[in-house]
Amino acid sequence: MSLTEVLLIAGTHGNEINAPWLFDQFKEGTTCINRRGLNVSTIIGNPFARQKCLRYIDRDLNRSFSLKLLSSISNQHEYEIKRAKELLNSYGKASQKPVSIVLDFHSTTASMGSSIVIYGRRFADLALAALIQKCLDWPIYLHEGDDSQTGFLVEQWPCGLVIEIGPVAQGVLRNKIINQTMLAIETCLDELEKIKSFNYTFPTEVVIHRHLKSIDFPRDLNGQITAFIDENIDGKDWIPINQGDAIFDDLSGIKLILDQPNLPHKVVPIFINEAAYLEKGIAFSLTTKESWEFKQSWSNSLISLLS
């Protein structure tokens, strides 16, 4: 049986400290991440930012993997651009140890619990996300159609998922977050091992929260925030809201409602009040919940990576 290279990444954002702490506890040869037919490696994505407990040094590493950024001459001095190239040189398709599957572990300050994030509709990603959902019943967020958010790390490998665990404040170590991260690692590797051992069962359907758009806070002409998130949705990720529902309040008691005629009447907000997204002009993102039939082409794509 040929080994499949699997890379586990933590600390892509340096102030998300729970998964990196967990990685520090893994010893060489540890049985908790060893699986038959898999060669599992772990790495800290942004070690310098981790040392300083900062999200990043020069730019968001998880937005630094676009061809445009990597080939630009003007930003080659930036730490995260250098780090992105290091990761690709060590584990990318042109490296001496090309990796087939990447799992990137994050934490969130939003009240989202645990979830799976996929970027676009790559078949292998959909298959692996569906397997995890089958085991853990975690929601899947499909991020697509957002030109302002590109260059994600996992897109550079044949199959890659982001695992989001929360809620937890940046720079805070919590037992629940660590335990959920460990559960995600073990479940992912167990399912991949089952495929290697021809002992797998794929689901017949998968529930997807498909990205529609992101909503910024109301701002004045100077860019200052003029209202806060309404109690109707604050801390209520994954709970549907309707057009016409209140989404922001200001100190005068005026409520701003959801009025997006180009979107469905019922939508599902996520990443509500995510601390890291304030700089990106995102108060929350809106999704639509859909049930998709699982396609054999998805499973074939994932199986081929593990053959």
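Summarised in this report is the structure supplied together with it. If you're wondering where the values come from, they're calculated on a predicted model, not measured in any experiment. Sequence order sets the numbering: in each chain, residues are counted from 1 along the sequence as written. Where totals are concerned, whole chains, interfaces and linings use all residues; where local detail is concerned, this predicted model gives features only for residues with pLDDT of at least 70, and gives and counts side-chain atom pairs only at 80 or more. The basis for every side-chain value is the complete set of non-hydrogen atoms in the structure, without hydrogens or water.

What follows deals with the overall build of the protein chain. Scanning the protein chain for helices and strands turns up seven helices and 13 strands. The C-alpha radius of gyration computed for the protein chain amounts to 20 Å, which stays within 12% of the reference 19 Å derived for 307 residues, consistent with globular compactness. For the protein chain, the C-alpha atoms occupy an extent of roughly 65 × 45 × 40 Å along the three principal directions. Buried means the residue's accessible area, taken with a 1.4 Å probe over protein chains only, is under 20% of the maximum for its type, while exposed means over 50%, and partly exposed covers the values in between. In the protein chain, which comprises 307 residues, the share counted as buried stands at 54%. Working rule for contacts: check all heavy atoms of both residues, and any pair within 4.5 Å makes them a contact. Summarising the internal contacts of the protein chain: among those between residues at least 6 apart in sequence, 73% fall at separations of at least 24. Areas reported here follow the Shrake-Rupley algorithm with a probe of radius 1.4 Å; residue values treat only the protein chains shown as occluding. On the protein chain, roughly 13900 Å² of surface is accessible, and the fraction owed to carbon and sulfur atoms is 49%. With 30 positive and 36 negative side-chain charges, the protein chain shows a separation of 5 Å between the mean positions of the two kinds. A helix here means a DSSP run of H or I that spans at least four residues, while a strand means a run of E at least two residues long, and both kinds are numbered starting from the N terminus. To get the radius of gyration, use the C-alpha atoms; to get the globule rule, take the number of residues to the power 0.38 and multiply by 2.2 Å. Charge counting follows a simple rule: Lys and Arg are positive, Asp and Glu are negative, and His as well as the terminal groups are ignored. Working definition for charges: the position is that of NZ of Lys, CZ of Arg, CG of Asp or CD of Glu.

Attention now moves to the pattern of salt bridges. Side-chain pairing between opposite charges can occur once the charged atoms of the two side chains come close. Put simply, a salt bridge is a Lys or Arg side-chain nitrogen that is within 4 Å of an Asp or Glu carboxyl oxygen. Tallied over the entire structure, the rule returns 17 salt bridges. Taking the shortest distance from any N to any O, the salt bridge between D125 and R122 comes out at 2.8 Å. R122 sits in the partly exposed class, given a relative accessible area of 24%. Where R219 meets D216, a salt bridge forms, and the shortest distance between an N and an O atom there is 2.7 Å. Take D216: its relative accessible area is 29%, and that puts it in the partly exposed class. When salt bridges with common partners are traced through the structure, they connect E16, R55, D60, R63, E279 and K280 into a single cluster.

Time to look at the packing of helix α1 (residues 18–25) against helix α6 (residues 175–196). Running from N to C, α1 and α6 point in directions that differ by 65 degrees, and their axes come no closer than 9 Å. Relative to α6, α1 is oriented roughly perpendicular. For α1 against α6, the interelement crossing comes out right-handed. In contact with N18, A19, W21, L22 and F23 of α1, α6 contributes I177, I178, T181, M182 and I185. Throughout, an axis means a line fitted to C-alpha atoms (over the contacting stretch in the case of helices), and angles, computed between N-to-C directions, take values from 0 to 180 degrees. When describing relative orientation, an angle under 35 degrees is termed roughly parallel and one over 145 degrees roughly antiparallel, while 65 to 115 degrees is termed roughly perpendicular and anything else oblique. Note on convention: the crossing is left-handed when the near helix lies turned anticlockwise from the far helix by less than a right angle, right-handed when the turn is clockwise.

Moving on, we come to the environment of Q76. Within the fold, Q76 resides in the loop between α3 (67–71) and α4 (79–91). With residues near it in sequence (within four places) discarded, Q76 still touches L69, L70, S71, I81, K82 and K85.

For the rest of this paragraph, the subject is the side chain of N18. Structurally, the position occupied by N18 is in helix α1. Classification of N18 by relative accessible area gives buried; the value is 2%. Excluding its chain neighbours within four sequence positions, the residues that come into contact with N18 are V168, V172, L173, R174, I177 and I178.

Now for the sheet that holds strand β8 (residues 228–229). One open sheet holds the three strands; their spatial order is β8-β10-β11, and the pairing between them is antiparallel. Unpaired on one side and paired on the other, β8 and β11 (255–257) mark the two borders of the sheet. Two strands form a pair only when DSSP identifies at least two bridges running between them.

Let us now look at the packing of aromatic side chains. Pairing of aromatic side chains here covers Phe, Tyr and the six-membered ring of Trp, requires ring centres within 6.5 Å, and sorts the geometry by plane angle: under 30 degrees stacked, over 60 edge-to-face, intermediate tilted. Inspection of every chain in the model, using the stated rule, returns 13 aromatic pairs. Taken together, the ring pairs connect Y200, F202, W292, F294 and W298 into an aromatic cluster.

Once that is clear, we can look at the nonpolar core. For our purposes a nonpolar core is just a set of buried Ala, Val, Leu, Ile, Met, Phe, Trp, Tyr and Cys residues, chained together by side-chain atoms within 4.5 Å. Within the largest apolar cluster, 51 residues are counted, with the highest numbers of intra-cluster contacts made by F105, L128, I185, L192 and L302. Sequence-distant contacts of L192, that is, excluding residues within four places in its chain, are made with V6, L38, I101, L128, L302 and L306. L88, Y141, V268 and Y277 belong to the second-largest nonpolar core, a separate cluster that totals 29 residues.

Before going further, it helps to spend a moment on α4. For α4, which comprises 13 residues, the first-to-last C-alpha distance of 18 Å matches the rise-based estimate of 18 Å (1.5 Å per residue) to within 8%. When we look at burial in α4, the residues that qualify are Y79, E80, I81, R83, A84, L87, L88 and Y91. Each helix should span, by expectation, one fewer than its residue count multiplied by 1.5 Å.

Within the fold, I270 resides in strand β12 (residues 266–270). Relative accessible area serves as the criterion here: at 0%, I270 is assigned to the buried category. The spatial distance from the C-alpha of I270 to the C-alpha of H209 is 9.4 Å, given a sequence separation of 61 residues. For I270, the residues in contact, after removing those within four places along its chain, are M112, Y141, D237, W238, F284, S285 and T287.

Here the focus is the sheet that holds strand β13 (residues 284–293). Read from one edge of the open sheet, ten strands run β2-β1-β3-β6-β4-β5-β7-β13-β12-β9, paired in mixed fashion. The open sheet has two free edges, formed respectively by β2 (38–44) and β9 (241–242), since each of these has just one partner strand. As defined by bridge partners, strand β4 (residues 114–119) adjoins strand β5 (residues 140–143) across four bridges and the pair is classed as parallel. The residue of β5 that forms the bridge with V117 is Y141.

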